[in-house]
Each structure stands twice: as C-alpha cells, then as structure tokens.
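Take a look at the letters that make up each chain.
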2 protein chains.
Amino acid sequence: MKNKAITSRNEDFAQWYTDVVKAAKLADYTAVKGCIAIEPNGYAIWEKMQSILDNKFKELGHVNVQMPMLIPENLLRKEGELVQGFAPEVAWVTSGGSKLLDERLCIRPTSETLFCDYYSTHVKSYRDLPMLYNQWCNVLRWEKETRPFLRSREFLWQEGHTIHATKEEALEETKKIMDVYVWFHNHILAIPSITGIKTNKEKFAGAEFTLTNEALMYNGVCLQAGTSHYFGQKFSKAYDVKFSNKDNKEEYVYQTSWGTTTRMIGGLIMVHSDDYGLVLPPRIAPKQVVIIPIGSSDKVNLLVNDYKSKLDEAGIVSYVDDSVKSPGFKFAEAEVNGIPIRIEIGERDLENDNVVFVRRDTREKIIKNINDLDIVTYVKELLEFIQNDMYERAKKRRDELTFEAHNIEDFKSIISKTPGFIKADWCGNEECEVKLKEINGIKSRCILENEKCINGKCAICGKEAKHLVVWGIQY
Amino acid sequence: MKNKAITSRNEDFAQWYTDVVKAAKLADYTAVKGCIAIEPNGYAIWEKMQSILDNKFKELGHVNVQMPMLIPENLLRKEGELVQGFAPEVAWVTSGGSKLLDERLCIRPTSETLFCDYYSTHVKSYRDLPMLYNQWCNVLRWEKETRPFLRSREFLWQEGHTIHATKEEALEETKKIMDVYVWFHNHILAIPSITGIKTNKEKFAGAEFTLTNEALMYNGVCLQAGTSHYFGQKFSKAYDVKFSNKDNKEEYVYQTSWGTTTRMIGGLIMVHSDDYGLVLPPRIAPKQVVIIPIGSSDKVNLLVNDYKSKLDEAGIVSYVDDSVKSPGFKFAEAEVNGIPIRIEIGERDLENDNVVFVRRDTREKIIKNINDLDIVTYVKELLEFIQNDMYERAKKRRDELTFEAHNIEDFKSIISKTPGFIKADWCGNEECEVKLKEINGIKSRCILENEKCINGKCAICGKEAKHLVVWGIQY
C-alpha cells in the first residue's frame with residue numbers, strides 16, 4: 001500500500017521529495033531561515049559517507065585539519081575572482097562580545113583564503129611538499145531559495161586543499177580526486193554519473209579549470225555531485241605561497257581544491273527513492289537489514305537471535321524490531337526508512353520452515369526454506385544483487401533521459417517533456433551559453449573532453465563547434 | 001638532549017606550553033584573532049578522541065544529529081539565565097547576501113535553544129522519549145584572552161542534549177555521562193580527575209545543577225574537563241517542550257546537556273608532556289610506534305618489514321620513518337611528536353642480534369635480543385606499561401598537589417607556591433566564594449558530595465560548614 005504521507009513522485013516531484021525527507025525523518029526545517037536540522041536518520045547516512053570517503057582520502061595520503069570558520073574581510077578580498085564569486089552570498093559578523101568589530105568577518109563560504117594564508121607561512125622548501133590537507137566542516141552561503149540537502153544556507157562538506165611543487169603533480173591530484181568522487185557515486189551510491197570539465201562560465205571562481213561529476217535525478221534534472229578544481233598558481237600568487245624548489249629558486253606552489261557535500265543525500269533520494277519512501281543502496285545504508293519477529297514463540301525468538309548474531313559476526317549491520325507496534329506498522333516503517341532487506345520471521349511461516357525476505361528496492365517477497373539457508377551467504381548475495389540492480393536501473397533511466405540536440409528547436413522540444421542530459425556541439429562562446437539559459441534555465445553541465453562532436457556545428461549559433469557539451473536543467 | 005625550540009617547563013610554563021604545541025605541530029595561530037588552525041598532528045588526536053567517545057555514546061543509545069550554527073536573537077532570549085550567561089560573549093551576524101538582516105543571528109555558543117526548539121515540535125507522547133541526541137560541531141565564544149586549545153574563540157566539541165519522560169531518568173543520564181567522561185580521562189587519557197558538583201555561582205547558566213570533571217595540570221592549575229548539566233524542566237518550560245505522559249496528561253520534559261571539547265588536547269599536553277616535547281598515552285596516540293631503520297642492509301630492511309607487518313596485523317598503529325633524514329633527526333622528531341615507542345633497527349646492533357626500544361614517557365632505552373622476542377606481545381605489553389605508568393605519575397603529582405586549607409592564611413600560603421587542588425570546608429554562601437576569588441582568582445572547582453567536611457567550619461568565614469569543596473586556580 002502506498003504511504004499516504006507521501007505524494008506520488010509522478011504527480012508532484014518537488015512535494016514528493018519533501019515528503020520522503022520528512023517521512024524518513026532525514027531532516028527538517030528550523031527556526032533559522034534556510035537552515036535545516038539533520039535528524040538521526042539523515043546524519044547516519046552522512047556519517048557513513050564521511051567514513052568511506054575519509055578512508056579513501058587517507059589511503060591516498062591526505063590528512064585532516066581544521067581552519068577557522070571566520071574570514072577577515074581583507075583576507076577574503078585578496079583574490080579578485082573569488083571575491084566576486086562569493087561576496088554576494090556571504091554572511092557578515094559585525095560585532096562580537098557586545099562590541100562593534102574594527103573589521104567585518106565573514107562566515108566561510110569556502111576556505112581557499114584560510115588555507116592559502118596558512119600555507120604561506122608554513123611552506124619553505126620543496127621538501128615540505130606536497131601538503132595534502134582536507135577538512136570536514138560547515139560552510140554558509142546566503143542562498144535565496146533553499147531545499148533540504150539540495151540547497152541550504154548552511155551545509156556540511158569536506159573541502160580538500162592541496163599544494164604541490166609541480167604543475168604535473170597538481171594536475172594529477174585534481175584528476176585523482178575526481179576518480180574518487182566518480183567511484184564513490186558509482187560503486188557506493190549506485191549513481192551513474194557523467195564527468196567532464198566545466199566551461200569558463202560555470203567553473204569555480206578563481207580556478208583555472210574545474211572537473212565535475214554530474215548526476216541525473218529521476219525527474220531529469222541535473223545535480224552537480226562533487227567538483228575538483230585546479231588553481232595553478234593563481235591563488236599562490238595572490239596569497240604569496242612560495243617555496244624554494246630543487247634548484248634553490250623561489251617558486252609559487254601549484255594548488256588544487258575539491259569538495260563534496262551533504263547535497264549527495266539529496267541526490268541519493270532523487271535517484272533511487274519511490275512512492276513508498278526512501279530507498280538506499282546497501283553500501284551506503286546505515287542499517288542494512290531489519291529482522292521483524294511476528295509472534296513471540298520460542299521458535300521465532302530462537303531464529304531471530306540466531307540470524308541476528310550471525311549477521312553481526314559477518315559485519316552486516318542489522319537490527320531487530322521487537323517493539324510493541326503491529327507487524328504491519330513495522331513493515332511500513334522499515335519501508336519508509338529505506339532498509340534494504342526486511343526479514344519477517346513468523347510463527348505461521350515457520351510451521352512450514354519458511355521465512356520471508358523482502359527487498360526494499362523492488363518490494364519483492366522471497367520465501368525461503370530455513371533448512372537450505374545459509375543466512376549470511378544469502379543476505380550478502382542479496383545485498384549485492386540489490387546494489388547492482390539499483391545501479392543498473394539508475395543507469396537505464398539516465399540513458400533513456402540522455403538526448404542529442406542539433407539546434408535550438410531540439411532543446412526546446414526536449415525540455416518540454418521530462419528533460420535530462422542533453423548532448424550538443426558548442427562553439428565555445430559564452431554568448432551561446434547565455435542564449436540557452438533563456439530556455440528554462442538550461443546550463444552547460446560539462447565539456448566531454450574525450451568525446452567527438454556530433455556534427456561539428458554549434459547547436460546554438462551554427463558556427464564551427466569546439467566541444468561536445470552536456471547541457472541540462474540543474475538543482 | 002633537550003629540544004632547543006622548547007623552553008624549560010619549570011622555567012616558564014606558559015611559554016613551554018606554546019613551544020610544545022608549535023614544535024609538535026598541533027596547532028598554530030591564524031589571521032583570525034583568537035582562532036587557531038588545528039594542524040594534522042593535533043587533529044589526529046581529536047579524531048581519536050571523537051572515535052572513542054562517539055562509540056561509547058552510541059553504545060549507550062545516543063544518536064548524532066546536526067543543528068544550525070546560527071541562532072535568531074529572539075530564540076536565544078527565551079531563557080533568561082542562559083542569555084545573561086552567554087549574551088556578552090557571542091558574535092552577531094547582521095548582514096547576509098549583501099543585505100541587512102531584520103533580526104540578528106548569533107553564532108552558537110552552545111545549542112540548548114536550537115535543540116529545545118526542535119524538540120518542541122517533534123515530541124508528542126512518552127513513547128517518543130527519551131530522545132538521546134548528540135552533535136559534533138564548532139561553537140564560538142568571544143573570549144578576550146585566548147590560548148591554543150585551552151581557550152579560543154572558536155572551538156570544536158560534542159554537545160549532548162537529551163530529553164526524558166521522568167526526572168529520575170534525566171538524573172541518571174546526567175550521572176551516566178559524567179561516568180563516561182571520568183572513564184575517558186582516567187582510562188584513555190591517563191589523567192586522574194576529581195568529580196563533583198559545581199556551586200550555584202559556577203554552574204552552567206540555566207542548569208539546576210552541573211556535574212564537573214576537574215583535572216590538575218603539571219603546574220598546579222585546574223582545568224575543567226567535561227561537564228554534565230541537569231536542567232529539570234527549566235528549559236522545557238521556557239521553550240514549551242511538552243509530551244503527553246502515560247496518564248495521558250501534558251507534562252514538560254526533563255532535560256540534560258553535556259559536553260567535552262578540543263580543550264582536552266590542552267589538558268593532555270599540560271599533564272604529560274616534558275621538555276623534550278609532546279608525550280602521549282598510548283591509548284590516545286594516533287601513531288603508537290615508530291620504526292626507524294639505521295642503515296639499509298637487507299638484514300635491517302627484512303626485520304623492519306617483518307615488524308611492521310606483524311604490528312599492522314595486531315592492530316597496533318605504527319609507521320616506518322625511512323626518509324632521507326639522519327637517524328638523530330628522526331629520533332628527535334619522533335620524540336617531539338610524542339610517539340609512545342620508538343624501535344631503532346640498526347646494522348651494528350643486529351650484528352649482536354639486538355634491537356633498541358625507547359619509551360617516550362621515560363626516555364628509557366631497552367635493548368632486546370631478537371631471538372627471544374615476540375614483537376607483538378612485547379610491544380603490547382610495553383604500551384600497557386607506559387599507559388599505566390603515565391597514569392600513576394599523573395596521580396602522584398595530583399596527590400602531591402592536593403592540599404587542605406583551614407583558613408584564609410592557608411589559602412594564601414598554598415597559592416604562593418605551586419598551587420593545586422585545595423580542599424576546604426565551605427558554609428555555602430556566595431560571599432565567601434567572592435572573597436576567595438580576590439586571592440589570585442581562586443575559584444571553587446566542585447563540591448565533593450560524598451566526602452565529609454574537614455572540621456565543620458567554613459575556612460573563609462568560620463561559620464558552620466555545609467560542604468567540602470575543592471578550590472583552585474583555573475585555565
């Protein structure tokens with residue numbers, strides 16, 4: 001039965017999204033405009049994301065630090081493009097300890113400035129390099145329209161800031177991290193993505209170039225899901241981050257930064273969830289299995305405990321719902337919360353030596369005879385099946401919603417239905433980007449560097465094309 | 001040889017502290033006044049603290065959430081005592097997105113207000129209780145004088161906020177968490193502490209009572225190291241957090257809050273470290289063992305790799321320093337960074353089948369024959385010895401610096417030398433606390449509820465005593 005608290009996804013996608021977030025108790029609005037409270041179920045997903053990504057960053061030699069949350073105005077203003085990009089959307093602290101401040105401090109919208117300032121006094125020689133720093137923290141951007149996880153004034157993220165002795169090494173870092181983001185989306189979140197380079201108009205303020213990982217939501221809207229920026233020496237010159245190189249000459253460091261945010265939780269929901277609530281890929285689900293006893297006979301309890309302890313031992317995260325609620329209520333709760341596998345152990349089924357498994361993703365019921373069942377092997381297998389099936393379904397949806405446009409009319413026609421990734425040739429001029437934006441806000445998502453143009457003519461102006469670009473409407 | 005970058009502890013304790021923090025690369029000052037950058041070595045300690053405490057909180061049924069970092073002024077002002085306590089030391093955001101705000105927002109100095117506001121709309125019935133929420137985050141207090149870790153405007157902490165259906169349950173929670181803090185200090189940080197209840201003057205603004213964990217630094221100055229507050233229904237009445245109880249009657253919830261901060265890193269340093277740099281108890285050291293090869297013969301390399309892989313397998317965190325620096329330089333670096341055990345594997349020692357172990361805490365050299373050595377068993381044992389010895393030494397120091405005062409003259413005399421914990425009877429009047437504060441800022445640390453008064457007369461005014469109190473000078 002459809003969950004009554006959840007609007008149908010096909011009827012009103014925006015309302016459906018909000019309903020799923022609320023019903024699964026992931027987050028809620030607060031008394032602070034544009035800022036959310038991330039509730040236990042939502043925060044547990046973020047903790048698992050952090051733990052997986054953090055391990056990966058550390059494997060690659062990164063270490064964590066913590067810079068201040070405030071930035072003095074004069075420090076922010078040192079790099080011109082960054083200021084222009086961020087100044088309109090920062091919050092300013094003007095008094096502290098009951099006194100007006102001599103200089104305003106902004107709450108960090110991103111921390112390039114603070115890292116550069118730190119590096120400028122801590123790097124001396126090429127022997128100190130590379131410095132591969134990352135931090136997990138909150139940032140604030142004064143957004144006008146906000147939506148839980150997708151766009152809120154305050155959000156949580158990780159921001160990596162690295163400096164290197166050579167251009168090659170910094171370029172390699174920029175790409176290496178994008179590989180991590182792509183791996184994380186494909187392998188862990190079961191979200192197939194498209195990767196490419198941002199156009200000059202869409203790149204990070206102050207970057208030489210920005211690599212981006214773009215995901216497609218169920219409704220055909222695009223979501224930027226992780227970016228990795230190459231700065232070259234732009235910031236190191238503005239902030240005077242120098243080192244003496246192997247030839248004993250002073251040189252400015254080569255720099256990168258990269259980040260992913262709690263917005264990925266929004267992406268997870270909009271790619272996988274359905275009218276029954278949250279659906280989570282097993283590898284990111286904080287709880288992978290729920291065991292629900294029906295009745296309380298010894299036979300039931302014995303099997304519940306047996307399965308629970310075996311799953312614990314195998315490192316599969318499960319819990320037993322032995323609360324006083326009715327079985328039907330428990331089923332619905334596990335469903336709305338997106339627990340990948342539900343095991344129902346009931347007195348009546350056990351008379352025939354049967355237990356019931358229910359996959360959350362397909363809601364398929366599978367009856368198994370307990371006598372031929374190795375519970376750990378079976379659950380592991382099923383979790384893998386679910387993970388793979390979810391990826392394949394998301395990929396199928398993405399492929400169905402990937403279009404080609406040869407001219408403006410094509411764009412208009414595609415956008416009039418469910419949109420998606422729109423591949424089209426582009427001449428490289430910003431004017432054409434501006435023109436497309438007038439059509440329902442279509443923006444370039446990324447340049448596909450390794451793919452050839454479709455027919456060599458810009459789909460907007462008809463002039464010679466330089467790049468194949470993916471376009472779309474974004475969150 | 002003494003580290004030249006570090007002032008002697010007995011000569012100038014304050015400078016020694018700053019030198020150790022700098023030399024071990026734990027933290028540094030930034031362009032933001034009163035805010036520090038926590039560097040990789042310092043942040044790794046915080047990560048280990050977080051991981052151990054977080055597991056413990058979760059074992060006890062707590063879950064993590066994330067509330068906004070900003071608090072609207074009207075929300076902050078709802079509870080009178082809290083405002084009075086914190087309003088003088090908050091930072092105010094007055095503009096965002098280039099516009100003046102209608103209402104100022106303060107950066108959270110603590111989050112009771114936000115949790116109460118959240119709970120007020122999310123609790124309905126006793127079935128929803130208890131709600132055992134915690135968050136790891138940054139907070140800001142506009143301190144005038146700051147010192148790395150001990151007191152900085154921004155710091156990192158965990159703040160637990162729980163609500164309960166009964167007074168008994170909330171009282172139990174308040175105590176249970178204090179037990180966790182005491183266990184963490186004693187068992188993990190090797191810091192013996194004194195626990196008691198704060199006087200009304202010193203308790204948390206708005207609390208009915210505050211339990212505190214008080215540690216004593218090497219120089220005899222006290223450090224508050226974890227507090228747990230019982231609020232009763234004070235906040236729930238101010239913020240209207242009601243539930244319908246088992247008798248179906250409306251009742252206000254019973255509430256607690258509790259926290260520990262990055263200040264514990266400062267405590268660790270000031271209890272254990274020495275003129276050679278940082279000393280870390282093995283259970284909190286991010287890296288427990290360093291292996292330093294001397295020379296690069298096959299025999300050396302073989303043993304280095306053998307030990308490293310065996311320690312890895314046993315879950316002991318070690319690293320090999322095979323950089324190009326000289327052995328002496330590596331020894332000094334491991335020492336200043338507080339690595340608990342250093343293993344030197346050198347060609348010459350190996351001619352006699354010997355390797356050298358050096359304990360960081362005592363700097364004792366231990367020569368071991370490799371033929372009788374089970375490396376894992378030995379290292380485990382040695383780590384335990386170090387942990388216990390560090391605790392015992394800290395306890396001895398604390399006991400030596402624990403005094404009794406029977407009158408004002410005693411206080412003056414004790415404070416004129418190395419101070420410490422000063423036990424003295426107290427009548428319960430705030431006037432006497434104020435009077436003592438005039439003597440070098442002596443403050444009550446806590447009331448020892450389970451200990452009897454010394455002679456029943458207030459050491460300050462001579463009237464009848466109500467409590468035995470520990471007094472001291474604080475950071």
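Just so we're clear, the structure is a prediction, and the values are computed from it rather than from any experiment.

Before going further, it helps to examine the overall build of chain A. Looking only at helices and strands, one finds 14 helices and 23 strands in chain A. Radius of gyration (C-alpha) of chain A: 25 Å, near the 23 Å computed for a compact globule of 475 residues. Overall, the C-alpha framework of chain A stretches about 80 × 55 × 50 Å when taken along its three principal axes. The buried share of chain A, taken over its 475 residues, is 49%. Pairs at least 24 apart in sequence give 70% of the contacts found in chain A among residues at least 6 apart.

Another aspect to go through is the domain arrangement of chain A. Residues and elements named next belong to chain A. With domains assigned, chain A is organised as domain 1 (13-272), domain 2 (289-381) and domain 3 (402-472). A C-alpha centroid distance of 27 Å is found between domain 1 and domain 3. Residue-level contacts link 14 residues of domain 1 with 15 residues of domain 3. Counting residues per element, the ones that place at least two in the side of domain 1 that touches domain 3 are β9 (193-197) and β10 (209-216). Of the residues in the side of domain 1 that touches domain 3, the class split is five nonpolar, five polar and four charged.

Right, let's talk about the interface of chain A and chain B for a bit. A common way to state how big an interface is: give the accessible area lost once the parts meet. Every contact between the two is made by 39 residues of chain A and, on the other side, 39 residues of chain B. For the side of chain A that touches chain B, the secondary-structure elements that each account for two or more residues are β2 (36-38), α2 (40-59), β3 (63-64), β4 (70-72), β5 (91-96), β6 (99-107), α5 (112-122) and β8 (154-164) of chain A. Top element by residues in the side of chain A that touches chain B is β5(A). It accounts for six residues. When its residues are assigned to classes, the side of chain A that touches chain B shows 25 nonpolar, nine polar and five charged. Of the strand pairs in this sheet, β5(A) and strand β5 (residues 91-96) of chain B are connected by five bridges, and their pairing is antiparallel.

So, on to the relation of the copies chain A and chain B. The two copies are related by a screw operation: chain A maps onto chain B through 180° of rotation and 0.0 Å of translation along the axis, at an RMSD of 0.0 Å. Such a combination of rotation and displacement between the chain copies is what one expects of a two-fold axis. Taking C-alpha positions as reference, the residue of chain A nearest the rotation axis is A:V93, located at 2.1 Å. A shared interface surface links the copies, since 100% of the contact residues of chain A are contact residues in chain B too.

Quick look at the sheet that holds strand β15 (residues 289-294) of chain A now. Residues and elements named next belong to chain A. The five strands are arranged β16-β15-β17-β18-β19 in an open sheet whose pairing can be described as mixed. What marks the edges here is a single partner per strand, and that holds for β16 (318-320) and β19 (365-369). Sheet twist, expressed as the mean angle between neighbouring strand axes with direction ignored, is 20°. The pairing of β15 with strand β17 (residues 341-346) spans six bridges and is classified as parallel. Opposite I291, over in β17, you have I343 as the bridge partner. Those strands touched by helix α10 (residues 327-336) are β15 and β17, and its axis lies near 175° from that of β15. Its contacts with the sheet place helix α12 (residues 375-400) against β15, β17 and β18 (354-359), and it is angled at close to 140° to β17.

Strand order in the open sheet formed by six strands is β4(A)-β6(A)-β5(A)-β5(B)-β6(B)-β4(B), with antiparallel pairing between adjacent strands. In this open sheet, the two strands that pair with only one neighbour each are β4 of chain A together with β4 (70-72) of chain B. Across the sheet, the mean angle from the axis of one strand to that of its neighbour is 45°, orientation sign disregarded. Both β4(B) and strand β6 (residues 99-107) of chain B contribute to a ladder of three bridges, which runs antiparallel. Bridge pairing links B:L70 to B:I107 in β6(B).

Turning to the pairing of β9(A), a few remarks are in order. Strand residues, when the strand is regular, have side chains that alternate between the two faces of the sheet. Residue and element names in this part refer to chain A. Most of β9 sits out of view: four of its five residues are buried. Where β9 lies against β10, five bridges are found, and the strand directions are antiparallel. Residue pairing across strands places S193 opposite A215, the latter belonging to β10.

Our focus in this paragraph is the environment of B:L105. Structurally, B:L105 is set in strand β6. Excluding residues within four positions of it along the chain, B:L105 makes contact with A:V32, B:L70, B:I71, B:P72 and B:V93.

Residue and element names in this part refer to chain A. Among all positions in helix α14 (residues 430-437), only C432, E433 and L436 are buried. Looking straight down α14, one finds its buried side chains confined to an arc of 105°; they lie on one side. Across α14 from its buried face, at more than 90 degrees, point the exposed residues E430, E431 and V434. Packed against the buried residues of α14 are α13 (408-416), β21 (421-426), β22 (443-447) and β23 (467-472).

All names here are of chain B. Under the 1.5 Å per step criterion, the end-to-end length of helix α2 (residues 40-59) is 28 Å for 20 residues, consistent within 8% with the ideal 28 Å. When α2 is considered as a whole, its buried residues turn out to be N41, G42, Y43, I45, W46, M49 and L53. Just downstream of α2, G61 is the residue with a positive phi angle, here 95°.

This brings us to the packing of helix α9 (residues 298-313) of chain B against helix α12 (residues 375-400) of chain B. Residues and elements named next belong to chain B. In the contact formed by α9 and α12, the axes pass within 9 Å of each other and the chain directions differ by 65°. As α9 packs across α12, the resulting crossing turns out to be right-handed. Facing Y307, K310 and L311 of α9, the residues of α12 in contact are I375, V376 and V379. Tallied by class, residues from the contact of α9 with α12 come to five nonpolar, no polar and one charged.

In this section: unusual backbone geometry. Residue and element names in this part refer to chain A. In this structure, the amide linkage connecting L129 to the following residue, P130, adopts the cis form with an omega of -5°. Residue placement: P130 occurs in the loop between α5 and β7 (131-140). In this structure, S98 takes a positive phi of about 65° despite not being glycine. As for its position among the elements, S98 is in the loop between β5 and β6. Since 11 C-beta atoms lie within 10 Å of it, S98 is described here as exposed. Not every positive phi belongs to a glycine, and D353 is a case in point at roughly 60°. With respect to the secondary-structure elements, D353 resides in the loop between α11 (347-351) and β18. Classification of D353 as exposed rests on a count of 12 C-beta atoms within 10 Å.

Turning our eyes to something else, we now look at the confidence of the model for chain A. Of the residues in chain A, 100% have a pLDDT of 70 or more, and the chain-wide mean is 96. At the level of chain-chain contacts, confidence expressed as ipTM amounts to 0.96, with global pTM at 0.97.

Right, let's get into the environment of B:P40. If you trace the backbone, B:P40 turns up in helix α2. Given 17 C-beta atoms within a 10 Å radius, B:P40 is considered partly exposed. Beyond its immediate sequence surroundings of up to four residues, B:P40 is in contact with A:V63, A:N64 and A:V65.

Let us look at the pairing of β6(B). Residue and element names in this part refer to chain B. Pairing of β5 with β6 involves four bridges; the strand directions are antiparallel. Considered in β6, the bridge of G96 is made with K99. Where β5 hands over to β6, the hairpin turn is made up of two residues, of which G97 adopts a positive phi near 55°.

Thresholds, definitions, all that
Residues numbered from 1 in each chain as written. Chains lettered and ligands numbered in written order. Predicted model: local features only at pLDDT ≥ 70, side-chain atom pairs only at ≥ 80, totals over all residues. Helix = DSSP H or I, 4+ residues; strand = E, 2+ residues; numbered from the N terminus. Rg over C-alpha atoms; globule rule 2.2 N^0.38 Å. Buried ≥ 20, exposed ≤ 12 C-beta atoms within 10 Å, placed from the backbone. Contact = placed C-beta atoms within 7 Å. Domains from an automatic or database assignment. Nonpolar A, V, L, I, M, F, W, Y, C, P; charged D, E, K, R; others polar. Pairing = 2+ DSSP bridges. Least-squares fit on C-alpha atoms with pLDDT ≥ 70 in both. Axes fitted to C-alpha atoms, helices over the stretch in contact; angles between N-to-C directions. Arc of directions from axis to C-beta. Expected span 1.5 Å × (residues − 1). Left-handed = near helix turned anticlockwise from the far one by under 90°. pLDDT = per-residue confidence, 0-100.

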